[in-house]
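A look at the structure
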Amino acid sequence: MKKFLSAAAMVLALISCGEKQFHVAGNITNAKDSVLYFENVSLEGPEVLDSVKLDEQGSFDFSGGRQEAPEFYRLRISDQIINVAIDSTETVTVKAAFPTMATQYEVTGSDNCLKIKELALKQIGLQQRAMAVSQDSTLTIDESNDSILSMIARYKNEVKKQYIFAAPDRSYAYFALFQTLGNMLLFNPRANKDDIRAFAAVATSWDTYYPHAERGANLHNIAIEGMKNMRYQDASNAKSIDVDKIRAAGLIDIELTDNHGQLRRLTDLKGKVVLLDFHMFALKDSPARILLLRELYNKYHAQGLEIYQVSLDPDEHFWKQQTAALPWVSVRDPRGTGAPSLTLYNVQGVPEFFLIDRDNNITGRSQTTDDLEQAIKKLL
C-alpha cells in the first residue's frame, strides 16, 4: 500500500542515520534465478518491500527499521510462503529448499517464528484431513460436513488452549486468529462467542503492551463488532434486549450487578479515569489492597478517578458485607474464577488491575505499571 511504502522510505532514511534494524536472512537452495520476495503482511494485504534474484547458494538478507509493535512479514517464491513475525530488532534466520520451503524450512532467532511454523504446519495438516474427508465417496454430504466441522472444532480448541489463551500477548497468538481453511476464517468473531473471547483476549494484551498499535485497534474493533452482532442476534431471538441500546466502545465491556442491585456497565464510566480491579475479598491481603484503593479514591475521585471493582468471591452475602461501606462501583461475577471477563482481559490471577483513560482505552495493567499513583495522575 502506498501509505506503508512512504513510511518505509522514512524508516530507511532513519536507518542510514543509525536507526536499529531487524534482519531476516538465510538461504533457499534449489531456487537459482528465482525471485524471492520480502513482503509486509499489512492489514490491507501483502505488500512487496524488497526482492532478490537468488543465485546458486540462495542467500538473502532483508532488513527494516524497528517497529513500535510486532509486525508480520513473509518470504515468498511463487505460491510457496514462509511467515515471519518481528517484535523488535532480532535477526531471524531461515533455511529451506525450493519447492518445499513452505513446509520444510528451519527458522532460528525467534520463538514467535517457531510457533508460527508450528501453526502453519497444523493448518496444512487440517486442510489435508478435511480434503480427504470431502473426497471420501463412502460418506454422505451430511456425514462429510459433520466430520469436517468436528475436525475444525477440535483444531480450534487446541489452538486456543495452547497458543492464544496461553500467551495472548505474543505475535503467534495474533497470527493464530487469522488462520483459514480454504477461504474460510477458522475463528469467526462475527458468529461465535468463544471466538470473540479469543479475539478479545489478544486485543486486551495489545491494548496493554502496544496501546497505539493499529493492529491492536483493529482487533478491538473486530471483538466489539462481534459482541454487538451476538447481542443483536440474542435480542432478535429472545426479544429481551433493546437493540437500539447496543453500542461500541474502546474496550471490552463488563455488565454486572452491583452491591445495591443495580446493573453497572464499565463503559458507562467513559469520561472518567477508571481503575478496573479484579478482586477477591476472601484473600488474606485484601484489607491492605482495599486500604490502598481507598487512599487513591479519596485523593483523586474529585479529579475524575473512578474504581470499577469486580469481585470473584463465591459467597454473595460475604461480598455484600465487605463492600457495604465502599464508595466506588462494586460488582460481583457469580461465576467466580470461571467468569468470561477473566478470559477477555487475560487475567491469570487476582488481584489484578487495569488502567483506563477517559476515552475508554486501556493504558496499562499491573505488569506494566511500576507506580500506580503516578500513572493515575498522568491520565487525570
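To be clear, the structure that these remarks concern was listed above.
Now for a description of the structure that goes with this document. (Residues numbered from 1 in each chain as written. Predicted model: local features only at pLDDT ≥ 70, side-chain atom pairs only at ≥ 80, totals over all residues. Heavy atoms only, no water.)

1. Some points on the side chain of Q123
Structurally, the position occupied by Q123 is in helix α2 (residues 111-134). Under the relative-accessibility criterion, Q123 is labelled buried at 14%. Not counting the four nearest positions on each side in its chain, Q123 is found in contact with Y155, Q179 and T180. (Helix = DSSP H or I, 4+ residues; strand = E, 2+ residues; numbered from the N terminus. Buried < 20%, exposed > 50% of the residue type's maximum accessible area, 1.4 Å probe, protein only. Contact = heavy atoms within 4.5 Å.)

2. Some words on the sheet that holds strand β6 (residues 80-86)
Strand order across the open sheet formed by four strands is β3-β2-β5-β6, with antiparallel pairing between neighbours. Looking at strand neighbours, the two that pair on one side only are β3 (45-53) and β6, the edges of this open sheet. Averaged over neighbouring strand pairs, the angle between their axes works out to 25° when direction is ignored. Alignment of strand β2 (residues 35-42) against strand β5 (residues 71-77), held across four bridges, turns out to be antiparallel. Across the sheet, the residue bridging to N40 is Y73, located in β5. The strands touched by α2 within the sheet are β5 and β6, with β6 carrying the most contacts at an inclination of about 145°. (Pairing = 2+ DSSP bridges. Axes fitted to C-alpha atoms, helices over the stretch in contact; angles between N-to-C directions.)

3. Here we look at the pattern of salt bridges
Two side chains that carry opposite charge are able to pair once their charged atoms sit near each other. The tally for this structure, following the rule as stated, stands at 16 salt bridges. Between R74 and E39 there is a salt bridge, with the nearest N and O atoms lying 2.5 Å from each other. Here R74, found in strand β5, pairs with E39, found in strand β2; they are 35 residues apart in sequence, far enough to count as distant. Owing to a relative accessible area of 17%, R74 belongs among the buried residues under this scheme. (Salt bridge = Lys/Arg side-chain N within 4 Å of Asp/Glu carboxyl O.)

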